[in-house]
Amino acid sequence: MNEIQTIEREIAERVERLIALRKAAAGTPVKNYTFETVAGPVTLRQLFGEKTILFALHNMGQGCRYCTLWADGFAGLVPHIESEFAFVVLTKDPPEVQRAFANARGWRFRMASHGGGEYIREQSVDPGEDNMPGMVCYERRGEEIFRKNATGFGPGDLYSPLWHILSLAGRGWEDWTPQYSYWKRPGTLDDGGKNVAE
């Protein structure tokens, strides 16, 4: 094996160990927080629906291109996730702003607003940082809720395959920044018009 293959094998082995540790995690009890949605207030327990596992994606909101990249990536995975688990995207943005942005991006997952308050301060994926992107896995046992596992998101992480695709081209995350849109004005317009908004 060459060095790249060796490192890939080592990473796979470390990921297997990580999975085993997360599987064994007992979890810590958490309170039943309240969030705002376009349909009104909803509690953390209600976000589970009939499921016993809830994935809460912490997203910094419409002002973050990186968070938008991760949410775009999860959009296609949500039907697979929701076949067995509950899934929600949580941001500080007001519900109406969340829904307008989600509609513009074609997102069909549930969203709720923590408003930058108690929930995100106490449940941050990075202690001491109150608006870091990442994901928390909650488990419902009867009426009790436990925080089973959590992880932060950032360039080069395991949760956006784009970083690893870029590395195949010899590019690192410092070489590329996601954008909200990649449309560029064509050099020649078929309709002959000149007034095209960027």
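An account of the accompanying structure is given in this report. The model shown is predicted, which means the values in this text are computed figures rather than measured ones.

1. A short note on the overall build of the protein chain
Now for step 1: A tally of helices and strands in the protein chain yields seven helices and eight strands.
Now for step 2: Expressed along its principal axes, the backbone C-alpha trace of the protein chain runs to roughly 65 × 55 × 35 Å.
Now for step 3: Partitioning the intrachain contacts of the protein chain with sequence separation of at least 6 by distance along the chain shows that 59% fall at a separation of at least 24.
Now for step 4: Taken together, the 23 basic and 26 acidic charged side chains of the protein chain have centroids lying 2 Å from each other.

2. Thoughts on helix H3 (residues 65-75)
Now for step 1: Taken as a whole, H3 has its buried residues at Cys67, Thr68, Leu69, Trp70, Ala71 and Phe74.
Now for step 2: Buried residues in H3 make contact with strand S4 (53-58), helix H4 (78-81), strand S5 (86-91), helix H5 (95-105), strand S7 (134-141) and helix H7 (162-168).

3. Brief notes about the packing of aromatic side chains
Now for step 1: For the structure on display, the rule yields 15 aromatic pairs.
Now for step 2: Between Tyr66 and Trp70 the ring centres are 6.3 Å apart and the planes differ by 40°, which places this aromatic pair in the tilted class. Within this pair, Tyr66 and its partner Trp70 are both found in helix H3, separated by four residues, close to a single helical turn.
Now for step 3: Aromatic pair Tyr66 and Trp163: ring centres 6.1 Å apart, planes at 20°, arrangement stacked. In this pair, Tyr66 sits in helix H3 while Trp163 sits in helix H7, placing the two residues 97 residues apart along the sequence.
Now for step 4: Across from the ring centre of Phe146, 3.8 Å away, lies the NZ or CZ of Arg141, which sits over that ring.

4. So, the pattern of salt bridges
Now for step 1: Enumeration according to the criterion identifies five salt bridges in this entry.
Now for step 2: For Arg105, the salt bridge is made with Asp72, and the minimal N-O distance between the two is 2.7 Å. With Arg105 in helix H5 and Asp72 in helix H3, this residue pair connects regions lying 33 residues apart in the sequence.
Now for step 3: With a relative accessible area of 30%, Asp72 lands in the partly exposed category.
Now for step 4: Taking the shortest distance from any N to any O, the salt bridge between Arg141 and Glu139 comes out at 3.2 Å.
Now for step 5: Classification of Arg141 by relative accessible area gives partly exposed; the value is 34%.
Now for step 6: Linked by salt bridges that have partners in common, Lys31, Glu118 and Glu122 make up one network.

Calculation rules
- Residues numbered from 1 in each chain as written.
- Predicted model: local features only at pLDDT ≥ 70, side-chain atom pairs only at ≥ 80, totals over all residues.
- Heavy atoms only, no water.
- Helix = DSSP H or I, 4+ residues; strand = E, 2+ residues; numbered from the N terminus.
- Contact = heavy atoms within 4.5 Å.
- Lys, Arg positive; Asp, Glu negative; His and termini not counted.
- Charge placed at Lys NZ, Arg CZ, Asp CG, Glu CD.
- Buried < 20%, exposed > 50% of the residue type's maximum accessible area, 1.4 Å probe, protein only.
- Phe/Tyr/Trp six-rings, centres within 6.5 Å; stacked < 30°, edge-to-face > 60°.
- Lys NZ or Arg CZ within 6 Å of the ring centre and 35° of its normal.
- Salt bridge = Lys/Arg side-chain N within 4 Å of Asp/Glu carboxyl O.

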